[in-house]
Amino acid sequence: MTGPPAIESVTLDLLKKKMQEFAKERNWEQFHSPRNLLLALVGEVGELSEIFQWKGEVPKGLPDWKEEEKVHLGEELSDVLLYLVQLSDICGIDLGKAALRKVELNAIKYPASSQNNTTNTNNNSTESG
């Protein structure tokens, strides 16, 4: 299978630049308001949800999935990521910095020492914010 050239590291800045170029080449910037990008993002999250809708609980690593299903999942996850990157860009939010700040705030809100013994009895996972 041929695809794009191998890139050592993909950054949010690289994705932002690629999406800016993609939109500019097609004269789509005029349509990329925060509202429109958010609605497109929600639509893509819906498409992502459809993949899991009737599968029940799915084990980590998706061992029972066909390769085509995993490829489709990757495409839908990518759509969500790309719209999120575009939305943050158009809103002037540094998504990487905002995400790191959120992780720090969650660490304060949910200190490790108080979470070690807290589990959700339905799925044995710890709560996060």
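Residues numbered from 1 in each chain as written. Predicted model: local features only at pLDDT ≥ 70, side-chain atom pairs only at ≥ 80, totals over all residues. Heavy atoms only, no water.

Student: How would you summarise the nonpolar core if you had to cite specific residues and measurements?
Tutor: Core analysis: the largest hydrophobic core is formed by 9 residues, namely Leu 37, Leu 41, Leu 48, Ile 51, Leu 62, Trp 65, Leu 73, Val 80 and Leu 87. Looking at this core, the elements that each hand over two or more residues are helix H2 (34-52) and helix H3 (67-90). The biggest single contributor to this core is H2, with 4 residues. With residues near it in sequence (within four places) discarded, Trp 65 still touches Ile 51, Phe 52, Lys 55, Val 58, Lys 70 and Leu 73. (Core = buried A, V, L, I, M, F, W, Y, C linked by side-chain atoms within 4.5 Å. Buried < 20%, exposed > 50% of the residue type's maximum accessible area, 1.4 Å probe, protein only. Helix = DSSP H or I, 4+ residues; strand = E, 2+ residues; numbered from the N terminus. Contact = heavy atoms within 4.5 Å.)

Student: Outline the environment of Asn 36, supporting the account with residue identities and numerical values.
Tutor: On the secondary structure map, Asn 36 appears in helix H2. Separated by 51 residues in sequence, Asn 36 and Leu 87 have C-alpha atoms that sit 9.0 Å apart.

Student: So what about the packing of helix H1 (residues 12-25) against H3? Which residues, and what values?
Tutor: In contact at an axis separation of 9 Å, H1 and H3 are set at 85° when each is read in the N-to-C sense. In terms of orientation, H1 lies roughly perpendicular with respect to H3. The residues of H3 that touch H1, namely those facing Leu 12, Leu 15, Lys 16, Met 19 and Gln 20, are Leu 81, Leu 82, Val 85, Gln 86 and Asp 89. The residue inventory of the contact of H1 with H3, partitioned by class, reads 6 nonpolar, 2 polar and 2 charged. (Axes fitted to C-alpha atoms, helices over the stretch in contact; angles between N-to-C directions. Parallel < 35°, antiparallel > 145°, perpendicular 65-115°, else oblique. Nonpolar A, V, L, I, M, F, W, Y, C, P; charged D, E, K, R; others polar.)

Student: Before we move on, can you summarise a nonpolar patch on the surface with the specific residues and values?
Tutor: A grouping of Phe 22, Trp 28 and Phe 31 is seen on the molecular surface, where their side chains present a nonpolar patch of about 300 Å² in accessible area. Relative to the helices and strands, Phe 22 is located in helix H1. (Patch = residues over 30% accessible without salt bridge, like charges linked within 9 Å, V, L, I, M, F, W, Y side chains within 5 Å. Areas by Shrake-Rupley, 256 points an atom, 1.4 Å probe, with all protein chains shown as cover. Salt bridge = Lys/Arg side-chain N within 4 Å of Asp/Glu carboxyl O.)

Student: Pulling in residues and values, what's your account of the layout of surface pockets?
Tutor: If you add up the space inside the second largest pocket, you get close to 210 Å³. Residue lining of the second largest pocket: Met 19, Phe 22, Trp 28, Phe 31, His 32, Asn 36, Leu 37, Ala 40, Asp 79, Leu 82, Tyr 83 and Gln 86, and that is the complete set. Sorting the residues of the lining of the second largest pocket by element identifies H1, H2 and H3 as the ones contributing at least two each. Looking at the lining of the second largest pocket element by element, the count peaks at 4 residues for H3. The residue inventory of the lining of the second largest pocket, partitioned by class, reads 8 nonpolar, 3 polar and 1 charged. (1 Å grid on protein atoms, 1.4 Å probe; cavity = no way out; pocket = protein on both sides within 12 Å on 5 of 7 lines; lining within 4 Å. Points joined across faces, edges and corners; volume = space filled by probe spheres on them.)

Student: Give me the lowdown on H2, citing residues and values where you can.
Tutor: For H2, built from 19 residues, the straight-helix expectation of 27 Å at 1.5 Å per residue is met to within 8% by its first-to-last C-alpha distance of 27 Å. Buried within H2 we find Leu 37, Leu 41, Glu 44, Leu 48 and Ile 51. Along the axis of H2, the buried residues cluster in a sector spanning 65°; they form a single face. Residues of H2 that are exposed and point more than 90 degrees away from the buried face comprise Arg 35 and Glu 50. Those residues of H2 that are buried lie in contact with H3. (Expected span 1.5 Å × (residues − 1). Arc of directions from axis to C-beta.)

Student: Quick one: what's the story with the pattern of salt bridges, residue by residue and with numbers?
Tutor: Here the structure, examined in full by the defined rule, presents 3 salt bridges. Here Asp 13 ties to Lys 16 by a salt bridge, and the two come within 3.9 Å at their closest N and O atoms. Pair noted here: Asp 13 and Lys 16 are both in helix H1, with a separation of 3 residues, about one helical turn. Among the residues examined, Lys 16 registers a relative accessible area of 30% and is labelled partly exposed.

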